[in-house]
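One-letter residues, chain by chain:
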Amino acid sequence: MQSILTINEVHKSFGDLEVLKGVTLSAMRGDVVTLIGSSGSGKSTLLRCINMLEVPNSGTVAIDGEEIALTGRGPDRRPSDANQIRRIRSEIGMVFQSFNLWAHMTVLENVMEAPLRVQKRPERDVRADAEELLDKVGIADKANAFPAQLSGGQQQRAAIARALCIRPKIMLFDEPTSALDPELEIEVLRVIKMLANEGRTMILVTHDMKFAREVADKVVFLHQGRIEEEGTVDAVFSSTQSDRLRQFLRAADHT
Amino acid sequence: MTGFAETLWAEILIFFRPALFNIYFAAVSLAIGFVLAVAVAFARNGKNPIVSHLAAGYIYAFRGSPLFIQFFMFYSIMLALNAVWWRPLGISGVVMHPLFIGPLTLVMNTVAYTAEILYGALRTVPRGELEAARAHGMSPLQIFRTVTWPNMIRIAWPAYTNEVVFMFHATALVYLTLPVVGNQRDIMNTARFLFERDYNAILHFSVAGLYFLVISMLVFFVFGRIYERMMRHLSVNQDRPRLRFAPKYIR
Ligand SMILES: Nc1ncnc2c1ncn2[C@@H]1O[C@H](COP(=O)(O)OP(=O)(O)O)[C@@H](O)[C@H]1O
Ligand SMILES: [Mg+2]
């Protein structure tokens, strides 16, 4: 079976700070990969390298067997084919910690925007899709509301619907619930779990170890820009040999 | 009393046609100036350091010097060029006409002020919204349409409203500098013309001022309604954002 995501020897620095120090990682179709690690270990940066919101200084990323073409070296490295990068981005759904909905547009407009403008799909199709997705994430009644009129949990579910509406091959989640109050977290986690159970391919950064354990096919522990440990839930949470991971898990237990 | 009311009404009618000149100067300058200001704001905000510095220099020069002096200076330059360029080219009649030079000078000025407003707005467009647009595969043009423009215009609107009113007031300077052609007089020039006939300063200048006041209020009202509509996405319940005006009367 071919992997749908292949990250190979990715290095990324911001100025003198080397954040990713050679990360190699792959995911099969339908895999749910959870990315854990302490704050500042490079989880977000790694996730953002997948759709080139950050461009690696070296190393490659391939989506569904297609390598993203990059040109230049080091900090000047950038995608060489604007059409390719836009097409690949429009096949990857991304959900941010701070939702990042377009504030001046209604929920429905947010969800329909990229499929209409980027993918140029017919409006009737897109509208039907969007309404179905809003129903699925439980905010069908908020279709015509503006983001500011929703709770945080509702906004994040709207953002998930927006990412789903492009019919992504991969979904990326960057700590999707860490900006939410605990009682709002639950409704978002429920939606993500539902997506995981549908067999979607997802890369999920989370600080919630219980949740990471529940949904993951594969857990990756990032430590100071390197993968310190990866494997099944059991391998990582129960029988790891890594002192750093044990230490991290102990600390996470107490929060 | 009826005598006074009649005098006042007659005076108001007299100023109607001159007011059209002020409206013309303001409308043309603002329309052209806005388009150019968008370009200058993007140049200022762009990655190219040379272009950005040029834009910054332009903004600095025109915001840093009094409009009154810009009028005199620009008109003097145009006069100097008249003999060597405009007349030989046969375009002197157009180029030296106040209906041309007036808006031209005002455009150069409003471009600087408006560009500064838009540049400030551009820098505060929410990064997260831009990022979401990029992550969804939008092209630079689509990002502009979906995120940059709608945010920029909303952030800039209150300050731009003040700029519009200021521009309208600034049109009073046009015929203070430029020669009157035929009976093409604006509000200010008409007031001075009438004043020199009968020295009734109170009547002529208050009606002139009244025109500026009423039209300014109209602009505030219309722009305020547009703002409320633009910002309705933030109206959670009744706490609608409202425009607060702090016009600057000197520059
Ligand atoms: N755009 C950026 N510019 C400079 N430094 C950055 C940038 N993005 C992230 N960093 C730095 O990189 C390190 C890793 O950040 P991040 O990937 O966000 O970690 P995590 O998501 O695991 O908390 C941090 O030290 C952070 O300050
Ligand atoms: Mg992070």
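Residues numbered from 1 in each chain as written. Chains lettered and ligands numbered in written order. Predicted model: local features only at pLDDT ≥ 70, side-chain atom pairs only at ≥ 80, totals over all residues. Heavy atoms only, no water.

Negative phi is the rule for most residues except glycine; trans is the rule for most peptide bonds. Residues and elements named next belong to chain A. In the Ramachandran plot, E9 falls in the positive-phi region, its phi being about 50 degrees despite a non-glycine side chain. Within the element layout of this structure, E9 appears in strand β1 (residues 3-14). Positive phi, normally seen in glycine, also occurs at M52, with a value near 65 degrees. Note on placement: M52 falls in the loop between α1 (43-50) and β4 (58-63). Given the relative accessible area of 1%, M52 is considered buried. (Helix = DSSP H or I, 4+ residues; strand = E, 2+ residues; numbered from the N terminus. Buried < 20%, exposed > 50% of the residue type's maximum accessible area, 1.4 Å probe, protein only.)

In this section: the pairing of β4(A). All names here are of chain A. For β1 and β4, the ladder comprises five bridges, and the chain directions are antiparallel. Among the inter-strand pairings, T6 is bridged to a residue of β4, identified as A62. One ladder, built from two bridges, connects β4 with strand β5 (residues 66-67); its direction is antiparallel. Among the inter-strand pairings, A62 is bridged to a residue of β5, identified as E67. (Pairing = 2+ DSSP bridges.)

Here we take up the interface of chain B and chain A. Contact with chain B, which involves 24 residues of that partner, is made by 27 residues of chain A. Summed over both partners, the interface of chain B with chain A buries about 2,200 Å², with 58% contributed by carbon and sulfur atoms. Taken together, the links from chain B to chain A amount to one salt bridge. Ionic pairing is found between B:E131 and A:R48, a salt bridge with its closest N-O pair at 2.8 Å. Applying the counting criterion to the chain B and chain A interface returns seven residue pairs in polar contact (both at pLDDT 80 or more). Of all the elements in the fold, those that place two or more residues in the side of chain B that touches chain A are α7 (127-135) and α8 (140-170) of chain B. Top contributing element to the side of chain B that touches chain A by residue count: α8(B), with eight residues. (Contact = heavy atoms within 4.5 Å. Buried area = accessible area lost by both parts, 1.4 Å probe. Salt bridge = Lys/Arg side-chain N within 4 Å of Asp/Glu carboxyl O. Polar contact = N/O pair within 3.5 Å; in protein donor to acceptor, adjacent residues only side chain to side chain.)

Residue and element names in this part refer to chain B. It is at 8 Å that the axes of helix α6 (residues 98-123) and α8 come closest, and there the two elements cross at 150 degrees. When the axes of α6 and α8 are compared, the pair comes out roughly antiparallel. The crossing of α6 and α8 is right-handed. Contact residues: L106, N109, T110, Y113, T114, I117, L118, A121 and L122 in α6; T148, M152, I155, A156, A159, Y160, E163, M167 and A170 in α8. The class makeup of the residues in the contact of α6 with α8 is 13 nonpolar, four polar and one charged. (Axes fitted to C-alpha atoms, helices over the stretch in contact; angles between N-to-C directions. Parallel < 35°, antiparallel > 145°, perpendicular 65-115°, else oblique. Left-handed = near helix turned anticlockwise from the far one by under 90°. Nonpolar A, V, L, I, M, F, W, Y, C, P; charged D, E, K, R; others polar.)

Counting 63 residues, the largest nonpolar core has B:F15, B:L106 and B:L118 as the members making the most contacts within it. Mapped onto this core, the elements with two or more residues apiece are α2 (16-45), α3 (49-64), α4 (67-89), α6, α8, α9 (174-177), α10 (187-198) and α11 (201-230) of chain B. Apart from residues no more than four positions distant in its own chain, B:L106 is found in contact with B:F25, B:S29, B:L67, B:F71, B:M167, B:A170, B:T171 and B:V174. The next biggest cluster of nonpolar side chains, apart from the first, holds 45 residues, and it includes A:M52, A:I68, A:L222 and B:A132. (Core = buried A, V, L, I, M, F, W, Y, C linked by side-chain atoms within 4.5 Å.)

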